[in-house]
Amino acid sequence: MTDHAPSENGGTFLCLPTRGQLLRALTLTQNTSAMAFTIFLVPHLASPIVAAFAGLDGAEKTMMIARDLYLPLEPILVYIPLTIHLFSSLSRRLLLSTSNSLPKSIRFPALPHQILAYPLALLLIPHIITHRLIPSSSAPPIRELSPSELGWEFVGYNLKSWGAWIAYLGLVGAGVWHALVGGMKVATWLKSLRRRPAKGFSSNVRSTNWTVYPEDKEKTSSDLTPRVVPKPRKLGLRGLMVVLLGVVSIGLARVTRDTGLVSGMMKKRYDAVFDATPWAKLYRLS
């Protein structure tokens, strides 16, 4: 973005933020929102892991403990950070992709955790709609499934079809990989903040006597350095993912087995939730 020429009489005036300033702001909101969402993500993922060792009952108890932690602050820990993260990430990618001075490896998604972000969003949003928003509907026959009614039996009932298995395991796999590599990126970003010198005034003002903000140097910005995972660490992450998906698969299998027969009333309410989604047929692939 171009700067305005200083006025002949001197003084100060407002100017639009540069591309670099926008990128730094979006990086800030992207990373901080991810950290806030992690507070919800970690206890939420504990249930399927516990299910591998304690079955449906263990998953239910773990989920109830986790809900006590995040449900009172659900908008702050889930919906607001997730919305900010999606908006910041997409806006940041749009800015990068339209900057011809940057290499393609920075302008466009090139790393696995960046590429996985897009199918992850396509899995995560339907998951929230199916497991949180639609069940809260007061319309019959759903009639606002309470947290005690919307437990792992709901998941176990859905897992009767292999389409749901693909959705759950895809969500866990893409989500955990994106979170792990993204977490390392956030850690690097936090370290860079400590090393970054102060940049004068925080207000977006340009003076005729001095420049408050430096010129936009996108190529040298640490915020734009692609996160390349070292090979040994990458192998370790892949091994961790294989183990995690294996444990989660065992947990989901035990939940499916322990669910057993669902009462006619609950079956009707569960089916109404899934049938209310545009992707209902995908859940019913068998």
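Throughout, residues of each chain are indexed from 1 in the direction in which the sequence is written. Side-chain atom pairs in this predicted model are given and counted only at pLDDT of 80 or more, local residue features only at pLDDT of at least 70, and totals for whole chains, interfaces and linings cover all residues. To get the side-chain values, take all heavy atoms of the structure and skip hydrogens and water.

## Side note on the overall build of the chain
Phase 1 of the analysis: By definition, any uninterrupted DSSP run of H or I lasting at least four residues is a helix, any uninterrupted run of E lasting at least two residues is a strand, and each is numbered from the N terminus. A count of helical and extended segments in the chain gives nine helices and two strands.
Phase 2 of the analysis: Each helix and strand of the chain, placed in order from N terminus to C terminus, yields the pattern β-α-α-α-α-α-α-β-α-α-α.
Phase 3 of the analysis: Relative accessible area decides the class of each residue, using a 1.4 Å probe on protein chains only: under 20% of the type maximum gives buried, over 50% gives exposed, and in between gives partly exposed. Put simply, the chain has 286 residues, and 41% of those count as buried.
Phase 4 of the analysis: Surface accessibility in these figures is a Shrake-Rupley result with a 1.4 Å probe; residues are shielded only by whichever protein chains are displayed. Taken as a whole, the chain presents about 16000 Å² of accessible surface, with 68% of it coming from carbon and sulfur.

## Comments concerning the environment of Ala174
Phase 1 of the analysis: Here Ala174 lies in helix α6 (residues 162-195).
Phase 2 of the analysis: In this structure Ala174 comes out as buried when scored by relative accessible area, which is 8%.
Phase 3 of the analysis: Separated by 50 residues in the primary sequence, Ala174 and Leu124 have C-alpha atoms spaced 9.8 Å apart.
Phase 4 of the analysis: In this description, contact between two residues means that some pair of their heavy atoms is separated by no more than 4.5 Å. What Ala174 contacts, discounting residues up to four positions off in sequence, is Leu116 and Leu120.

## Describing the nonpolar core
Considering soluble globular proteins, one finds that nonpolar side chains tend to be buried as a cluster.
Phase 1 of the analysis: Residues enter a nonpolar core if they are buried and are Ala, Val, Leu, Ile, Met, Phe, Trp, Tyr or Cys, with the set joined through side-chain atoms within 4.5 Å. Within the largest apolar cluster, 20 residues are counted, with the highest numbers of intra-cluster contacts made by Trp152, Leu159, Tyr168, Leu252 and Val255.
Phase 2 of the analysis: Breaking this core down by element, the ones donating at least two residues are α1 (19-70), α5 (152-158), α6 and α7 (231-259).
Phase 3 of the analysis: The element that contributes the greatest number of residues to this core is α6, accounting for seven residues.
Phase 4 of the analysis: Those residues in contact with Leu159, other than ones at most four positions away along the chain, are Ala164, Trp165, Tyr168, Leu252 and Thr256.
Phase 5 of the analysis: Ranked by size, the runner-up nonpolar core spans 13 residues in total, among them Leu120, Ile128, Leu171 and Ala174.

## Here we look at the packing of aromatic side chains
Phase 1 of the analysis: Aromatic pairing here means that ring centres of Phe, Tyr or Trp (its six-membered ring) are within 6.5 Å. Orientation follows from the plane angle: under 30 degrees is stacked, over 60 is edge-to-face, and everything else is tilted. The final tally for this structure, using the stated rule, is five aromatic pairs.
Phase 2 of the analysis: Arranged with centres 4.8 Å apart and planes meeting at 90°, the rings of Phe40 and Tyr70 form a pair that is edge-to-face.
Phase 3 of the analysis: Among the residues examined, Phe40 registers a relative accessible area of 11% and is labelled buried.
Phase 4 of the analysis: Residue Tyr70 is classed as buried on the basis of its relative accessible area, which comes to 6%.
Phase 5 of the analysis: Geometrically, the ring pair formed by Phe154 and Tyr270 is edge-to-face, given 5.2 Å between the ring centres and 75° between the ring planes. Of the two residues, Phe154 sits in helix α5 while Tyr270 sits in helix α8 (residues 264-275), which places them 116 residues apart along the sequence.
Phase 6 of the analysis: Taking relative accessible area as the criterion, Phe154 reaches 1% and is therefore assigned buried.
Phase 7 of the analysis: Here the aromatic cluster, defined as three or more aromatic residues joined through ring pairs, consists of Phe154, Tyr157, Tyr270 and Phe274.

## Remarks on the side chain of Ser192
Phase 1 of the analysis: Mapped onto the fold, Ser192 is located in helix α6.
Phase 2 of the analysis: For Ser192, a relative accessible area of 8% translates into the label buried.
Phase 3 of the analysis: For Ser192, the side chain forms a polar contact with the main-chain oxygen of Trp189, separated by 2.6 Å. Side-chain atoms alone can form a polar contact between residues adjacent in sequence; in general such a contact is a pair of N or O atoms within 3.5 Å, and within protein one must be able to donate a hydrogen while the other accepts it.

## Points about α7
Phase 1 of the analysis: For α7, built from 29 residues, the straight-helix expectation of 42 Å at 1.5 Å per residue is met to within 8% by its first-to-last C-alpha distance of 41 Å.
Phase 2 of the analysis: Turning to α7, its buried residues are Leu237, Met241, Leu244, Val247, Val248, Gly251, Leu252, Val255, Thr256 and Thr259.
Phase 3 of the analysis: At its buried positions, α7 is contacted by α1, α5 and α6.
Phase 4 of the analysis: Directly after α7, the chain includes Gly260, whose backbone phi takes a positive value near 65°. One less than the residue count of a helix, multiplied by 1.5 Å, gives the span that helix is expected to have.

## Concerning the UniProt feature "transmembrane region" (unreviewed entry) in the chain
Phase 1 of the analysis: UniProt positions are given in the numbering used here, feature names are shortened, and annotations may be inferred rather than shown by experiment. UniProt records the feature "transmembrane region" (unreviewed entry) for residues 34-56, 76-95, 165-187 and 235-256 in the present numbering.
Phase 2 of the analysis: Along residues 235-256, the helical share is 100% and the strand share 0%, with 31 Å between the first and last C-alpha atoms.

## Overview of helix α4 (residues 112-133)
Phase 1 of the analysis: Across its 22 residues, α4 extends 30 Å between first and last C-alpha, which sits within 8% of the 32 Å expected from 1.5 Å per residue.
Phase 2 of the analysis: Here the bend at each residue means the angle between axes fitted to two seven-residue stretches, the one ending at that residue and the one beginning there. Taken as a whole, α4 carries its principal kink of about 35° at Tyr118; the proline Pro119 stands between one and four residues after it.
Phase 3 of the analysis: By the burial criterion, the buried members of α4 are His113, Gln114, Leu120, Ala121, Leu124, Pro126, His127, Ile128, Thr130 and His131.

## Some thoughts on the environment of Leu56
Phase 1 of the analysis: Along the polypeptide, Leu56 turns up in helix α1.
Phase 2 of the analysis: Contacts of Leu56, omitting those with residues within four sequence positions, involve Trp152, Glu153, Val255, Asp258 and Thr259.

## Description of a positive patch on the surface
Phase 1 of the analysis: Patch membership requires more than 30% relative accessible area and the absence of a salt bridge. Residues of like charge join within 9 Å; the nonpolar side chains Val, Leu, Ile, Met, Phe, Trp and Tyr join within 5 Å. Salt bridges, as used here, are contacts in which a Lys or Arg side-chain nitrogen is within 4 Å of a carboxyl oxygen on Asp or Glu. Charge convention: Lys and Arg are scored as positive, Asp and Glu as negative, and His as well as the terminal groups of each chain are ignored. Charge positions are represented by NZ for Lys, CZ for Arg, CG for Asp and CD for Glu. Taken together, the side chains of Lys191, Arg194, Arg195 and Arg233 make up a positively charged region of the molecular surface.
Phase 2 of the analysis: With three residues, the top contributor of residues to the positive patch is α6.
Phase 3 of the analysis: With respect to the secondary-structure elements, Arg195 resides in helix α6.

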